[in-house]
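Structural description and commentary
Take a look at the letters that make up each chain.
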Amino acid sequence: MHGAEHLLEIFYLLLAAQVMAFVFKRLNQPVVIGEVLAGVLVGPALLGLVHEGEVLEFLAELGAVFLLFMVGLETRLRDILAVGKEAFLVAVLGVVLPFLGGYLYGLQIGFETLPALFLGTALVATSVGITARVLQELGVLSRPYSRIILGAAVIDDVLGLIVLAVVNGVAETGQVEVGAITRLIVLSVVFVGLAVFLSTLIARLPVERLPVGSPLGFALTLGVGMAALAASIGLAPIVGAFLGGMLLSEVREKYRLEEPIFAIESFLAPLFFAMVGVRLELSALANPVVLVAGTVVTVIAILGKVLGGFLGALTQGVRSALTVGVGMAPRGEVGLIVAALGLKAGAVNEEEYAIVLFMVVFTTLFAPFALKPLIAWTERERAAKE
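Residues numbered from 1 in each chain as written. Predicted model: local features only at pLDDT ≥ 70, side-chain atom pairs only at ≥ 80, totals over all residues. Heavy atoms only, no water.

1. A word on the nonpolar core
What counts, and what does not: Among the buried residues, those of types Ala, Val, Leu, Ile, Met, Phe, Trp, Tyr and Cys that are joined through side-chain atoms within 4.5 Å form a nonpolar core. Note on classification: 1.4 Å probe, protein chains only; a residue is buried when its accessible area is under 20% of the maximum for its type, exposed when over 50%, partly exposed between these limits. Each domain span listed reflects an automatic or database assignment of domains. We call two residues in contact when some of their heavy atoms are within 4.5 Å.
Core analysis: the biggest nonpolar cluster contains 131 residues, and L13, F242, L248, F273, V324 and M359 have the highest contact counts within it. Shared between two domains, this core takes at least three residues from each, and those domains are domain 1 (1–51) and domain 2 (53–273 + 288–385). Beyond its immediate sequence surroundings of up to four residues, F242 is in contact with L68, F69, V71, G72, T75, I80, L150 and V154.

2. Notes on unusual backbone geometry
The condition that has to hold: Labels follow the DSSP assignment, with helices taken as runs of H or I lasting at least four residues and strands as runs of E lasting at least two, numbered in each case from the N terminus.
Located in the positive-phi region is N28, a residue other than glycine, with phi close to 60°. Along the chain, the position of N28 falls in the loop between helix 1 (2–26) and helix 2 (31–42). In this structure, R256 is a non-glycine residue whose phi angle is positive, near 50°. Considering the arrangement of structural elements, one finds R256 in the loop between helix 11 (237–248) and helix 12 (258–279). For R256, a relative accessible area of 70% puts it in the exposed group.

3. Side note on the packing of helix 9 (residues 178–204) against helix 11
Cut-off, in case you're wondering: Each axis is a line fitted through C-alpha atoms, taken for helices only over the stretch in contact, and angles between the N-to-C directions span 0 to 180 degrees. To sort the angles, those under 35 degrees are grouped as roughly parallel, those over 145 as roughly antiparallel, those from 65 to 115 as roughly perpendicular, and the leftovers as oblique. By convention, the crossing between two helices is left-handed when the near helix turns anticlockwise from the far helix through less than a right angle, and right-handed when the turn is clockwise. In this count, Pro and Cys sit with the nonpolar residues alongside Ala, Val, Leu, Ile, Met, Phe, Trp and Tyr, while Asp, Glu, Lys and Arg are called charged and the others, Gly among them, polar.
Two elements in contact, helix 9 and helix 11, have axes separated by 8 Å at closest approach and are oriented at 20°. Our classification of the angle between helix 9 and helix 11 gives roughly parallel. In this structure, helix 9 crosses over helix 11, and the sense of that crossing is right-handed. Each of F191, V192, A195, L198, S199 and I202 in helix 9 lies in contact with helix 11, whose residues at this interface are G240, L243, L247 and L248. Residues belonging to the contact of helix 9 with helix 11 are distributed by class as follows: eight nonpolar, two polar and no charged.

4. Brief notes about the packing of helix 3 (residues 54–73) against helix 11
The N-to-C vectors of helix 3 and helix 11 enclose an angle of 30°; their axes lie 7 Å apart at closest approach. Put simply, helix 3 runs roughly parallel to helix 11. For the crossing formed where helix 3 meets helix 11, the hand is right-handed. Contacts from E61, A64, V65, L68, F69, V71, G72 and L73 in helix 3 reach P237, I238, A241, F242, G244, G245, M246 and L248 in helix 11. Taken together, the residues that form the contact of helix 3 with helix 11 break down as 12 nonpolar, three polar and one charged.

5. What to know about a nonpolar patch on the surface
Basically, it comes down to this: Patch members must show over 30% relative accessible area and no salt bridge, and they are joined within 9 Å when carrying like charges or within 5 Å when they are nonpolar side chains of Val, Leu, Ile, Met, Phe, Trp or Tyr. Under the convention used here, a 1.4 Å probe and the Shrake-Rupley method define accessible areas, while residue burial counts only the protein chains that appear. Between Lys or Arg on one side and Asp or Glu on the other, a salt bridge is scored when a side-chain nitrogen of the former is within 4 Å of a carboxyl oxygen of the latter.
Taken together, the side chains of L8, F11, L15, V19, F22, V23 and L27 present a nonpolar region at the surface, about 640 Å² in accessible area. Checked against the element boundaries, F11 lands in helix 1. For F11, a relative accessible area of 45% translates into the label partly exposed.

6. Some thoughts on the side chain of S320
Inspection of the secondary structure puts S320 in helix 14 (residues 318–327). Those residues in contact with S320 that sit more than four places away from it in its chain are Y145 and T378.

7. Thoughts on helix 9
One full turn of an α-helix is made of 3.6 residues, so residues set three or four places apart face in the same direction. Let me state the cut-off plainly: Expected span of a helix: the number of residues minus one, times 1.5 Å. Two axes are fitted around each residue, one to the seven residues ending there and one to the seven starting there, and the angle between them is reported as the bend at that residue.
Compared with an ideal rise of 1.5 Å per residue, which puts 27 residues at 39 Å, helix 9 spans 40 Å between its outermost C-alpha atoms and is within 8% of the ideal. Of all bends in helix 9, the biggest is about 30°, found at L198. The set of residues buried in helix 9 consists of I181, L184, S188, F191, A195, S199 and I202.

8. Some thoughts on the layout of surface pockets
Convention followed: The pocket and cavity definitions rest on a 1 Å grid over protein atoms only: a 1.4 Å probe that fits but cannot leave marks a cavity, an open set with protein on both sides within 12 Å along at least five of seven lines marks a pocket, and residues lining either have an atom within 4 Å of a point. Grid points are joined across faces, edges and corners, and a volume is the space filled by probe spheres set on the points.
If you add up the space inside the second largest pocket, you get close to 440 Å³. Lining the second largest pocket are 21 residues; nearest its centre among them are F88, G151, V154, I155 and V192. Put simply, the parts of the chain that give the lining of the second largest pocket at least two residues each are helix 4 (77–82), helix 5 (84–108), helix 8 (144–173), helix 9 and helix 11. Residues belonging to the lining of the second largest pocket are distributed by class as follows: 17 nonpolar, four polar and no charged.

Geometry only, nothing functional implied.
Written out as structure tokens, the structure reads:
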């Protein structure tokens, strides 16, 4: 009966996601917000029709992988490299400012050093899936500010993992694991370097002559393989999927890859966003202490990323720089993973975990609502210049 139960849960998620997406589209609001709220509606917080489980978690992760694979497919590597300096600055500032803000505020409200470090770490990593969906929906993936966000998200993931490795090492052993951190840095640099090297080869590769069933089959194998390779060295699978998509961006038109891959993404990506809603434990947000501290932490989380993005991308103009900052704001499941690790290590208690949960909920909802009018404002300036 397990197969039937899983199919029923997938049906509930897809149905709710489609209905809520329709409603939000009619309200002229980002569809991704409707999909997240669909998960809240059918999840344990309200109707209780869908619960967390290994099968749904895997499908949700696969949805994120295909979303970023599709985004990578529409993004040429040379365009990312053209804004590499800005992307690096955005990533570094967007890690340092939220981390310091979260850490210092944690100390200010009475956290011990270790919980304060975990709070700062939870504010570090951007969940680029939320932003990528909005950029894709609005058809602005080719804009320089979008490329800066995507490039910064890759660097941000590496930096976030380094910070997490340091803090987690301190929590478990009481010291910084220099060897593990060095290994992570080297593997990350090698992985990204390999993707850059392969991009020139795949652009000239006659895929139709390879011993594969079809160009689409080759593309899917490459995308999933890059995601798996990223996961195996400690990076987020979506980083590998994004780089895999970029490898194929030069040949996507030749082999007509976009339509079939977009069809797969259209099925799986709503499951990813709906599962974000299913995971949200709204009851934990009712505590008055959590409401107050969570609000302050949310403001710190948003301001840290917006300021980091704004300063790092200011060469692109004020409007584009603000768009980059807001695009880096959502934390999504990344912040929850950090808090869960702290909880498991005994460095974070339930109340401190709930504060991070509050921040994750509101940064996830804030970014799409703020991005849509901000992008429209930025595009008006671009149109006027043209």
